[in-house]
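Given next are the chains, with one letter for each unit.
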Amino acid sequence: MRDPSPAASRRAPLLLALVIGLLVVALLVVNERTDWLELRPASGTATAMALAVDAAPATETARR
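Here the structure is a predicted model, which is why all the values come from computation and not from measurement.

**Q** Can you walk me through the overall build of the protein chain in this structure?
**A** When you go through the protein chain residue by residue, the secondary structure sums to two helices and zero strands. Out of the 64 residues in the protein chain, the part that is buried amounts to 0%. When the accessible surface of the protein chain is summed, it comes to about 6200 Å², and 66% of that surface belongs to carbon and sulfur atoms.

**Q** Before we go on, may I ask you to explain a nonpolar patch on the surface in this structure?
**A** Among the surface-exposed residues, Leu 15, Leu 18, Val 19, Leu 22 and Leu 23 lie close enough to one another that they form a single nonpolar patch of about 500 Å² accessible area. Among the secondary structure elements, Leu 15 is positioned in helix α1 (residues 6-32). Overall, the relative accessible area of 53% leaves Leu 15 in the exposed class.

Reading guide: rules and limits
- Residues numbered from 1 in each chain as written.
- Predicted model: local features only at pLDDT ≥ 70, side-chain atom pairs only at ≥ 80, totals over all residues.
- Heavy atoms only, no water.
- Helix = DSSP H or I, 4+ residues; strand = E, 2+ residues; numbered from the N terminus.
- Buried < 20%, exposed > 50% of the residue type's maximum accessible area, 1.4 Å probe, protein only.
- Areas by Shrake-Rupley, 256 points an atom, 1.4 Å probe, with all protein chains shown as cover.
- Patch = residues over 30% accessible without salt bridge, like charges linked within 9 Å, V, L, I, M, F, W, Y side chains within 5 Å.
- Salt bridge = Lys/Arg side-chain N within 4 Å of Asp/Glu carboxyl O.

So this is what it looks like as structure tokens:
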């Protein structure tokens with residue numbers, strides 16, 4: 001097995017620090033924009049079906 005060069009051994013910790021830094025920034029951005037994680041219907045049909053499900057219990061209670 002060949003030995004890693006000195007330049008490669010210096011790059012590994014820097015690359016790890018860069019990846020950790022980017023993950024921290026991504027976490028902070030997602031923490032500020034929690035609405036990005038909200039599931040929303042992708043089409044008009046899906047929106048109508050979601051609204052119909054929400055409205056269904058109200059019509060059942062009105063029949064009683």
